[in-house]
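# A closer look at the structure
Residue-level listing of the chains:
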Number of protein chains: 2
Amino acid sequence: MKTKKILLPESQLPAQWYNIVGDMPNRPLPPLDPKTRRPVMPEQMNGLFAEELVRQEFSTERYIDIPEPVRELYKIYRSTPLVRAYGLEKALDTPARIYFKNESVSPVGSHKTNTAIPQAYYNHRQGIRRLTTETGAGQWGSAMAMACNHFGIALEVFMVKVSYMQKPYRKMMMNTWGAEVHASPSTLTEAGRAALARNPDDSGSLGMAISEAVERVFLNPEQTRYCLGSVLNHVLLHQTVIGEEALRQMELFDDYPDTVIGCFGGGSNFGGIGFPFLRENLTHGRKTRIIAVEARSCPKLTRGRFEYDFGDTAGFTPLFPMYTLGHDFHPSDIHAGGLRYHGAGPIVSQLLRDGLIEAQAVPQLETLEAGILFARTEGIIPAPESAHAIAAAIREARRAGEEGTPRTILFNLSGHGQIDLLAYERFLAGELRDPEVSDEELRRSLDRLAPIVG
Amino acid sequence: MKTKKILLPESQLPAQWYNIVGDMPNRPLPPLDPKTRRPVMPEQMNGLFAEELVRQEFSTERYIDIPEPVRELYKIYRSTPLVRAYGLEKALDTPARIYFKNESVSPVGSHKTNTAIPQAYYNHRQGIRRLTTETGAGQWGSAMAMACNHFGIALEVFMVKVSYMQKPYRKMMMNTWGAEVHASPSTLTEAGRAALARNPDDSGSLGMAISEAVERVFLNPEQTRYCLGSVLNHVLLHQTVIGEEALRQMELFDDYPDTVIGCFGGGSNFGGIGFPFLRENLTHGRKTRIIAVEARSCPKLTRGRFEYDFGDTAGFTPLFPMYTLGHDFHPSDIHAGGLRYHGAGPIVSQLLRDGLIEAQAVPQLETLEAGILFARTEGIIPAPESAHAIAAAIREARRAGEEGTPRTILFNLSGHGQIDLLAYERFLAGELRDPEVSDEELRRSLDRLAPIVG
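Below or above, wherever it landed, is the structure these notes cover. Model, not experiment: these values are computed from the prediction.

Within chain A, the regular secondary structure consists of 19 helices and 15 strands. For 454 residues, the compact-globule estimate of 2.2 N^0.38 gives 22 Å, and the C-alpha radius of gyration of chain A, at 20 Å, lies within 12% of that figure. In chain A, buried positions account for 69% of the 454 residues. Intrachain contacts of chain A at a sequence separation of at least 6 include 77% that bridge at least 24 residues. When the accessible surface of chain A is summed, it comes to about 14700 Å², and 49% of that surface belongs to carbon and sulfur atoms.

Below, the structure is given as structure tokens:
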């Protein structure tokens, strides 16, 4: 019988995260202090993040040991399966071999636990009693709720309002693990109140939710820190367990991908699956294409500008060098809430600029159609975010068919869609559309960026 | 580092189901035709179920081969992990070692796919184009929707109304796989219309949903069949993959359970985890306690009567020998919708009567409290049904602590609760209560049973 999926025994789980910064031909430019325009020193970030996370943020070591308490918790769900998508291949009648890494088997249904666990652990070790964070679709907030509960840390989550309304079960999940959840923009912060004053119906964005979560740290700076689910170097670092496992699992399948695909919000699942394979490109002469797939209605990689910009809407964070749509770009209310972010993260942006990775944008309807085909052929209902990776994999497989060339495609199934079913229900009912971003709208948003960069 | 969980490679997945009927000292009494009171012949059931399923229903062979297409689909999610619950053990400060089999990793979030896949397969092989079924909490309907979609069979699901309202995402999930879903009682059938005439606010029951699904088969008897998610012998047979895997996994942990626990609705996940261990009791002198845990508000095992009774409310099915509360017993609207069934299934009933298994009843609040403790210590939010098994495991672990004896407890985590979060939300808000069944109510229900048995 054909092998459908491969898991690794616990004894073979990765003992180290891979830090791609150590192998990049051009390292990311440093974050800047928005006032002085000088590089931010690590100690300046210690008020916001746990010290070990700041150390990792600036690290250039190629490998960083995964602490034992983190490895213990990873074992709740890792290794995740690497699966050959025979059903999808057959439906597409493609000569391509399609594999996916199934991160949806985590307790919250996505890859986000990979970094939530170490972030909660390092904060706990430092004696932090309270964390704040933002969440889009709720995957990240759920992961932090689970991890904070484990390490006895109180958690306050600002959830983008449109997702708060669309995905009530995510809030319930966070509550079950004891976290406090607010719809963002909220009246709890100055940033939120200002946004609501401008537009009482503001449906929120990840950038705004970050502003609110950061502002709350200032209330009790001694024992409170902030944590972020994507974008930053240390977050992507933790996610590399995905790709490290996948490398070993592909070897056990006796195959190797020529294309690796991840959906793209801020870069965490993309970097997680992609960076270990990119290392093989950079250090062992492999030529795998590494493709980031963004939502066409939030196209920072394919239509954004490489610039220094704030990580949040209100401008509380340092300036980061990244592909951005401008920090006050307001994305459409697509169901893939995790992709509604204006920027791309320093590492991924530098890699894209250097031509070491590729980017594609896929419209909402194509992704949901891909998600349904996947559910019906592989039996798993994907998160709308992950459906972007599936849509791109389908495009690549179709191209392989047209060209008549065998291909090996690997994508990351970053999460399941069991709590995002409204997206599919509305799609099947014909109620959804493809939101478009006009050149004019994009230019206006990017023009507002100019004065910041000076 | 300590081993947290063990999975089996695909090459070691069970190739056969285990049929406990072949080892039972007293085999279950035969089902009876309600009109003639004579044993039902297999061919009489062929109009309702696929022929191979009827053959299995009456089989006394100890092992039945799992067909290759079924094994292929099992590989989407099997083996499921066997996990040592270190977190729960620590929270309970117990000398007991607690393990759980994690069936929640299936694509629909529960063990129900184990029998949905073979049921859809055998119907497909026979040329059946349309299936009908009932579902309580929606786990079974989702599993059949996924399986029917795979084999190109149209599916119509009657979902108990209280669950239909409480768990809208389950309906969306079934729709995503292309199934048609009705709240039961519905106006589509005579049984449903009669129930609504008696009480327009009837919140439904599994027994009523079965009546409606069975009635729909008569509309197009040539190409339509019915399928059932629990109770019957062939359903429990398919579920034994759970226990067969668990036996091997316990061996790899170098341990053996003295107590095996499953929650109990109609018997499918309980039989699945329990029967292979019961075989070891019957044939190899093991003395493992096998405990079925029911909802205290639907107590057929602990307070019901052993009798011939209908499997459904309207009386369309044969009479089955089982512990029952009477086929028109109306269970309270507890959140564990999958346990709201009046009867117990012929095999389990006979085993209980013969003292080969035990039964316990647990109230709703204790189960949800257990579910939250489990979510907070093991990271997985359990289905309210599965939380009954957890509650019983906690009781056993506490007793081990009081007695100061080490114990090895294994329970089945039949499903996750990510789509049942309303139960926990309401529990945390203090809105839930423990419904009670009075002796008087029970006597009335059982007295109505008497004339049927004659």
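This part is about the packing of aromatic side chains. Per the stated rule, a full pass over the model turns up 25 aromatic pairs over all chains. Relative to A:Tyr63, the ring of A:Tyr18 has its centre 5.5 Å away and its plane inclined at 45 degrees; by these criteria the two rings are tilted. Placement of the pair is A:Tyr18 in strand β2 (residues 16–18) and A:Tyr63 in strand β3 (residues 63–65), with a sequence separation of 45 residues. Among the residues examined, A:Tyr18 registers a relative accessible area of 0% and is labelled buried. Residue classification places A:Tyr63 among the partly exposed positions, given a relative accessible area of 28%. Seen from their ring centres, B:Phe100 and B:Phe374 are 5.0 Å apart, and the 75 degrees between their planes marks the pair as edge-to-face. With B:Phe100 in strand β5 (residues 97–102) and B:Phe374 in helix α16 (residues 364–378), the pair connects residues that are 274 residues apart, well separated along the chain. The buried category is assigned to B:Phe374, whose relative accessible area is 0%. Cluster of aromatic residues (ring-pair linked, three or more members): A:Phe100, A:Phe374 and A:Phe411. A cation over an aromatic ring shows up here: A:Arg279 above the ring of A:Tyr18, its NZ or CZ 4.5 Å from the ring centre. Sitting above the plane of the B:Tyr86 ring, B:Lys2 keeps its charged end 4.3 Å from the centroid.

All right, on to helix α6 (residues 139–151) of chain A then. All names here are of chain A. The end-to-end C-alpha separation of α6 is 19 Å, in line with the 18 Å expected for 13 residues at 1.5 Å each. Here α6 lies mainly inside the structure; eleven of its 13 residues are buried. Of all the residues in α6, the buried ones are Gln139, Trp140, Gly141, Ser142, Ala143, Met144, Ala145, Met146, Ala147, Cys148 and Phe151. Looking one or two residues beyond α6, the residue adopting positive phi is Gly152, at roughly 70 degrees.

A separate point is the nonpolar core. If you look at the biggest cluster of nonpolar residues, it comprises 102 residues, and the most contacted ones within it are A:Trp17, A:Met144, B:Trp17 and B:Met144. Ignoring anything within four residues of it in the chain, the contact list for A:Met144 reads A:Ala116, A:Ala120, A:Leu131, A:Thr133, A:Leu155 and A:Cys227.

Counting from both sides, the interface comprises 47 residues of chain A and, opposite them, 47 residues of chain B. A combined buried area of about 4100 Å² lies between chain A and chain B, and 56% of that area is made up of carbon and sulfur atoms. Counting the surface chain A buries against chain B, the share from its top three residues, A:Met1, A:Tyr169 and A:Gln418, is 18%. On the surface where chain A and chain B come into contact, there are four salt bridges. Summed over the shared surface of chain A and chain B, the result is 24 residue pairs in polar contact (both at pLDDT 80 or more).

Here we take up the packing of α6(A) against helix α8 (residues 168–176) of chain A. Residues and elements named next belong to chain A. Where α6 contacts α8, the two axes come as close as 8 Å, and the packing angle between them is 10 degrees. On the basis of their axis angle, the class for α6 and α8 is roughly parallel. Touching Gln139, Gly141, Ser142 and Ala145 of α6 are Arg170, Met173 and Met174, all from α8. Of the residues that constitute the contact of α6 with α8, the class distribution is three nonpolar, three polar and one charged.

Okay, the side chain of A:Thr324 next. All names here are of chain A. For Thr324, the position within the fold is in strand β13 (residues 319–324). The class for Thr324 is buried, based on a relative accessible area of 0%. There is a polar contact of 2.9 Å between the side chain of Thr324 and the backbone nitrogen of Gly326. Beyond its immediate chain neighbours, meaning those up to four positions away, Thr324 contacts Lys300, Gly304, Arg305, Glu307, Asp309, His342, Gly343, Leu446 and Leu449.

Further remarks concern the relation of the copies chain A and chain B. Superposition of chain A onto chain B requires a rotation of 180 degrees combined with a translation of 0.0 Å along the rotation axis, giving an RMSD of 0.0 Å. The transformation relating the two chain copies, once decomposed into turn and shift, fits a two-fold axis. The C-alpha atom lying nearest the rotation axis in chain A is that of A:Val105; the distance is 3.1 Å. Mapped onto chain B, 100% of the interface residues of chain A again fall at the interface, so both copies present the same surface.

Residue and element names in this part refer to chain B. Of all seven residues in strand β7 (residues 154–160), six are buried, a share of seventy percent or more. When strand β6 (residues 130–135) meets β7, the two strands line up parallel, connected through six bridges. Bridge pairing in β7 places Thr132 opposite Glu156. With helix α6 (residues 139–151) bridging β6 and its parallel neighbour β7, the resulting β-α-β unit is right-handed. Two strands pair when backbone bridges link them, and β7 and strand β8 (residues 180–184) are joined in this way by five bridges, in the parallel orientation. Residue pairing in the sheet places Phe158 in a bridge with His182 of β8.

Below, the discussion takes up the sheet that holds strand β5 (residues 97–102) of chain A. Within a beta sheet, neighbouring strands are joined by backbone hydrogen bonds and run either parallel or antiparallel to one another. Residue and element names in this part refer to chain A. A sheet is described by the order of its strands in space; here seven strands give the open sequence β1-β4-β5-β15-β10-β11-β14, paired in mixed fashion. What marks the edges here is a single partner per strand, and that holds for β1 (5–6) and β14 (358–362). Direction of pairing for β5 relative to strand β15 (residues 408–413): parallel, over a ladder of six bridges. Within β15, the residue paired with Phe100 across the bridge is Phe411. Packing of helix α13 (residues 268–284) onto the sheet brings it into contact with β5, β10 (259–263), β11 (289–295) and β15, and relative to β10 it is tilted by some 155 degrees. Of the strands in this sheet, β4 (82–84), β5, β14 and β15 are in contact with helix α16 (residues 364–378), which crosses β14 at around 95 degrees.

A few words on helix α17 (residues 384–403) of chain A. Residues and elements named next belong to chain A. If you check α17, its first and last C-alpha atoms are 29 Å apart, about what 20 residues at 1.5 Å a residue would give, namely 28 Å. Buried residues dominate α17, accounting for 14 of its 20 residues. One or two positions beyond α17, positive phi appears at Gly404, with a value near 65 degrees.

Residues and elements named next belong to chain A. This structure, assessed with the given rule, holds 66 salt bridges over all chains. In this structure, Arg130 engages Glu156 in a salt bridge whose closest nitrogen and oxygen atoms are separated by 3.8 Å. With Arg130 in strand β6 (residues 130–135) and Glu156 in strand β7 (residues 154–160), this pair connects stretches of sequence that are 26 residues apart. Accessibility expressed as a relative area gives 28% for Arg130, which makes it partly exposed.

To continue, consider the sheet that holds β8(B). Residue and element names in this part refer to chain B. With parallel pairing, four strands are arranged side by side in an open sheet as β8-β7-β6-β9. Looking at strand neighbours, the two that pair on one side only are β8 and β9 (224–226), the edges of this open sheet. Going from strand to strand, the sheet's axes swing by 20 degrees on average, the running direction of each strand aside. Relative to β9, β6 runs parallel, the two sharing three bridges.

Cut-offs used in this document
Residues numbered from 1 in each chain as written. Chains lettered and ligands numbered in written order. Predicted model: local features only at pLDDT ≥ 70, side-chain atom pairs only at ≥ 80, totals over all residues. Heavy atoms only, no water. Helix = DSSP H or I, 4+ residues; strand = E, 2+ residues; numbered from the N terminus. Rg over C-alpha atoms; globule rule 2.2 N^0.38 Å. Buried < 20%, exposed > 50% of the residue type's maximum accessible area, 1.4 Å probe, protein only. Contact = heavy atoms within 4.5 Å. Areas by Shrake-Rupley, 256 points an atom, 1.4 Å probe, with all protein chains shown as cover. Phe/Tyr/Trp six-rings, centres within 6.5 Å; stacked < 30°, edge-to-face > 60°. Lys NZ or Arg CZ within 6 Å of the ring centre and 35° of its normal. Expected span 1.5 Å × (residues − 1). Core = buried A, V, L, I, M, F, W, Y, C linked by side-chain atoms within 4.5 Å. Buried area = accessible area lost by both parts, 1.4 Å probe. Salt bridge = Lys/Arg side-chain N within 4 Å of Asp/Glu carboxyl O. Polar contact = N/O pair within 3.5 Å; in protein donor to acceptor, adjacent residues only side chain to side chain. Axes fitted to C-alpha atoms, helices over the stretch in contact; angles between N-to-C directions. Parallel < 35°, antiparallel > 145°, perpendicular 65-115°, else oblique. Nonpolar A, V, L, I, M, F, W, Y, C, P; charged D, E, K, R; others polar. Least-squares fit on C-alpha atoms with pLDDT ≥ 70 in both. Pairing = 2+ DSSP bridges. Right-handed = clockwise from strand over helix to strand, strands pointing away.

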